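Chain by chain, the residues:
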Amino acid sequence: MMRRGPMPEAYKDYSSLIHDSGQDLLLMVEDILDYAKTEAGHSRFDSEPVDLVASGESVIAQLSGQAQRADVEVKLLAKGEVWAQADPRAVRQIWQNLLSNAIKYSDKGGTVTLDAKTGKTAVALSVRDEGAGMDKEDLDRIARPFQQGSNSRGRAGTGLGLAVVKSFADAMKGRVVIDTAPGQGTRVRVVLPKANADDVSAINDAAE
């Protein structure tokens, strides 16, 4: 016989913990499958205008539970629209991996900052954390799949996040730039081709 009523206080966090753990597991499985497909040349990337800001906002909402559990504040600096010529799902997964990693390597009370900027021929999305940062040896290590930096002790993960980000960026004719130093946090930028202005205008006209 099923009983319904107010959930006891001790169990109120369980549903959100189960949901957040499921999100972590899903991202991990997606990383493994997508990396394997990309390396085997079986991934298909669609090229279309993608608003990096809207995509970033969606991922922030998705990972809000992880940020709350870690006591990390997440900020998005970019305003308006920043359009890349890219694959929407790949862009979303890049945001997911970078934000999830940044939260994971942040101290309690820290801040993770997301941004997106546009240039003449390219655009860039970035995620910055205030964590321990990395030295050259760590950078060389994380460039290889299934490898984590020395600051990963005690933190769960496959070591595939940045490998997937780089693989996706390469497939979309982009590149990854990492700025970091011990004690100074880490900023990862993904530079992508800029969307054609006429294509963006057509999307905005259709939306209206």
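Only a predicted model underlies this, so the values are computations on that prediction, with no experimental measurement involved. (Residues numbered from 1 in each chain as written. Predicted model: local features only at pLDDT ≥ 70, side-chain atom pairs only at ≥ 80, totals over all residues. Heavy atoms only, no water.)

> Would you mind going over the environment of Glu57 with me for this structure?
Within the secondary structure layout, Glu57 lies in helix α2 (residues 52-62). The spatial distance from the C-alpha of Glu57 to the C-alpha of Ala78 is 9.9 Å, given a sequence separation of 21 residues. (Helix = DSSP H or I, 4+ residues; strand = E, 2+ residues; numbered from the N terminus.)

> Please explain the pairing of strand β7 (residues 186-193) as it appears in this structure.
Regular strands show a simple pattern: their side chains alternate between the two faces of the sheet. The sheet contact formed by strand β5 (residues 122-129) and β7 spans eight bridges and is antiparallel. Paired with Ala122 across the bridge in β7 is Pro193. Following strand β6 (residues 175-180), the chain reverses through five residues before pairing antiparallel with β7; Gly183 in that reversal takes a positive phi of roughly 80°. (Pairing = 2+ DSSP bridges.)

> What is the right way to read the pattern of salt bridges from this model?
Think of it this way: side chains of opposite charge can pair up when their charged atoms draw near. This model, assessed by the stated rule, comprises three salt bridges. Of the charged contacts, one joins Lys166 and Asp170 as a salt bridge, the two residues approaching to 3.0 Å between their closest N and O atoms. One end of the pair is Lys166 and the other is Asp170, both in helix α6 (residues 161-171) and four residues apart, which spans about a single turn. Taking the shortest distance from any N to any O, the salt bridge between Arg187 and Asp179 comes out at 3.0 Å. Judged by its relative accessible area of 23%, Arg187 is partly exposed. Owing to a relative accessible area of 30%, Asp179 belongs among the partly exposed residues under this scheme. Salt bridges sharing common partners tie together Asp179, Arg187 and Arg189. (Salt bridge = Lys/Arg side-chain N within 4 Å of Asp/Glu carboxyl O. Buried < 20%, exposed > 50% of the residue type's maximum accessible area, 1.4 Å probe, protein only.)

> What is the right way to look at helix α4 (residues 88-104) in this model?
Quick reminder: α-helices carry 3.6 residues per turn. Residues three or four places apart thus point the same way. Between its first and last C-alpha, α4 extends 24 Å over 17 residues, near the 24 Å set by a 1.5 Å rise per residue. Along α4, the residues that are buried comprise Ala90, Val91, Gln93, Ile94, Trp95, Gln96, Asn97, Leu98, Leu99, Ser100, Ala102 and Ile103. Two to three positions downstream of the cap, the backbone nitrogen of Arg89 sits 3.1 Å from a side-chain oxygen, assigning the N-cap of α4 to Asp87. (Expected span 1.5 Å × (residues − 1). Polar contact = N/O pair within 3.5 Å; in protein donor to acceptor, adjacent residues only side chain to side chain.)

> Help me out: how do you make sense of the sheet that holds strand β4 (residues 111-118) in this one?
Across a sheet, strands are paired by hydrogen bonds formed along the backbone, either parallel or antiparallel in direction. One open sheet holds the five strands; their spatial order is β2-β4-β5-β7-β6, and the pairing between them is mixed. Here the strands that pair on one side only, and so sit at the sheet edges, are β2 (73-76) and β6. Strand-to-strand twist across the sheet, computed as the mean angle between neighbouring axes with direction ignored, equals 15°. Here β6 runs beside β7; their pairing, made up of six bridges, is antiparallel. Bridged to Val177 within β7 is Arg189. Strands β2, β4, β5 and β7 of the sheet are contacted by α4, whose axis makes an angle of about 20° with β5. (Axes fitted to C-alpha atoms, helices over the stretch in contact; angles between N-to-C directions. Contact = heavy atoms within 4.5 Å.)

> I'm lost on the confidence of the model for the protein in this one. Help?
Interpreting fine coordinate detail is not advised for predicted regions of low pLDDT. Across the protein, the average pLDDT comes to 82, with 71% of residues at 70 or higher. Ignoring residues within four places in sequence, the model shows residues 153-158, a span with pLDDT below 50, making 11 contacts including any to other chains. (pLDDT = per-residue confidence, 0-100.)

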